[in-house]
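Listed here are the chains, written in short residue letters.
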Amino acid sequence: MKIALASDHGGFALKEAVKNHLQARGFETLDLGTNSEESVDYPAFGKACGEAVVSGQADRGVVCCGTGIGISIAANKVHGVRCALVTNEFMAEMTKMHNDANIIALGGRVLEEAQALKLVDIWLDTEFEGGRHQRRVDMLNEM
Ligand code: RB5
């Protein structure tokens with residue numbers, strides 16, 4: 001499975017940590033930047049990750065900014081993206097089980113690194129439940 005990664009400067013350090021963690025777990029990664037802590041605009045990076053996932057260039061994505069909010073909004077502008085901002089274990093698990101989130105957003109200024117990596121693992125290791133949740137995901141996809 002290939003996982004696309006993107007961040008602005010506020011999420012850069014966390015994006016690098018997520019990339020190292022995923023590679024250590026054996027996942028292929030696609031790093032869409034940014035590549036430093038120099039100030040950049042998060043919408044461009046959220047869009048790039050969303051497009052990579054929807055086009056099939058990557059199977060899933062992780063986006064990071066300071067709060068995770070701006071870049072999640074940007075990713076969700078791409079049709080077909082279901083990007084969830086997650087801040088705790090319950091949200092990481094439920095957004096896979098019920099929303100089949102294809103991207104998660106993390107806040108580099110919100111989460112401790114170890115906690116963020118745990119959330120990534122929970123999301124990746126949880127199965128989508130399907131059933132009535134598939135109908136709702138289909139409704140999202142039609143919007
Ligand atoms: C950048 O200063 C900050 O606004 C950004 O990383 C993010 O938190 C936006 O939602």
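Everything here concerns the structure above.
The shown structure was predicted, so the numbers you read here are calculated from the model rather than taken from an experiment.

1. Comments concerning the pairing of strand β5 (residues 103-107)
Side-chain direction in a regular strand flips from residue to residue, so the side chains alternate between the two faces of the sheet.
Stage number 1. The element β5 is extensively covered by neighbouring structure, given that five of its five residues are classed as buried.
Stage number 2. Burial along β5 is two-sided: Ile103, Ala105 and Gly107 and Ile104 and Leu106, pointing in opposite directions, are all buried.
Stage number 3. In this sheet, β5 lies alongside strand β3 (residues 60-65) in parallel orientation, the contact comprising five bridges. Directly across from glycine 61, in β5, lies its bridge partner isoleucine 103.
Stage number 4. When strand β4 (residues 83-85) meets β5, the two strands line up parallel, connected through three bridges. By the bridge assignment, leucine 85 is partnered in β5 with alanine 105.
Stage number 5. Taking the sense of rotation as the criterion, the β-α-β connection linking β4, helix α4 (residues 89-97) and β5 turns out right-handed.

2. A closer look at the nonpolar core
Stage number 1. Residues Val18, Leu22, Val62 and Leu106 are the most contacted members of the largest nonpolar core, which totals 21 residues.
Stage number 2. Mapped by element, the contributors of at least two residues to this core are β1 (2-7), α1 (12-24), β3, β5 and α5 (113-125).
Stage number 3. The greatest single-element share of this core, amounting to six residues, is contributed by α5.
Stage number 4. Residues Cys49, Ile71, Ala75 and Val81 belong to the second largest nonpolar core, which totals 17 residues.

3. Focus: the site of the ligand
Stage number 1. Asp8, His9, Tyr42, Cys65, Gly66, Thr67, Gly70 and Arg109 make up every residue found near the ligand.
Stage number 2. One of the backbone nitrogen or oxygen atoms of glycine 66 is found 2.7 Å away from an oxygen atom of the ligand.
Stage number 3. A distance of 3.3 Å separates an oxygen atom of the ligand from a polar side-chain atom of arginine 109.
Stage number 4. Coverage of the ligand by the protein amounts to 71% of the 290 Å² it exposes when considered alone.
Stage number 5. Here the shell around the ligand is composed, by residue class, of two nonpolar, four polar and two charged.

4. Examining the sheet that holds β4
Two strands in a sheet stick together by hydrogen bonds in their backbones, pointing the same way (parallel) or opposite ways (antiparallel).
Stage number 1. Across the sheet, five strands lie side by side as β2-β1-β3-β5-β4; this open sheet has parallel pairing. Two strands lie at the open edges of the sheet, namely β2 (28-31) and β4, each paired on one side alone. With direction set aside, neighbouring strand axes in the sheet form an average angle of 25 degrees.

5. Observations concerning α4
Stage number 1. Where α4 is concerned, the buried positions are Ala92, Thr95, Lys96 and Met97.
Stage number 2. Those residues of α4 that are buried lie in contact with β3, β4, β5, α5 and α6 (132-142).
Stage number 3. The N-capping residue of α4, defined by a side-chain oxygen 3.2 Å from the backbone nitrogen of phenylalanine 90, is asparagine 88.

6. A look at the environment of leucine 22
Stage number 1. Note that leucine 22 resides in helix α1.
Stage number 2. Separated by 19 residues in the primary sequence, leucine 22 and isoleucine 3 place their C-alpha atoms 8.3 Å from one another.

What counts and what doesn't
Residues numbered from 1 in each chain as written. Predicted model: local features only at pLDDT ≥ 70, side-chain atom pairs only at ≥ 80, totals over all residues. Heavy atoms only, no water. Buried < 20%, exposed > 50% of the residue type's maximum accessible area, 1.4 Å probe, protein only. Helix = DSSP H or I, 4+ residues; strand = E, 2+ residues; numbered from the N terminus. Pairing = 2+ DSSP bridges. Right-handed = clockwise from strand over helix to strand, strands pointing away. Core = buried A, V, L, I, M, F, W, Y, C linked by side-chain atoms within 4.5 Å. Near = heavy atom within 4 Å. Polar contact = N/O pair within 3.5 Å; in protein donor to acceptor, adjacent residues only side chain to side chain. Areas by Shrake-Rupley, 256 points an atom, 1.4 Å probe, with all protein chains shown as cover. Nonpolar A, V, L, I, M, F, W, Y, C, P; charged D, E, K, R; others polar. Axes fitted to C-alpha atoms, helices over the stretch in contact; angles between N-to-C directions. Contact = heavy atoms within 4.5 Å.

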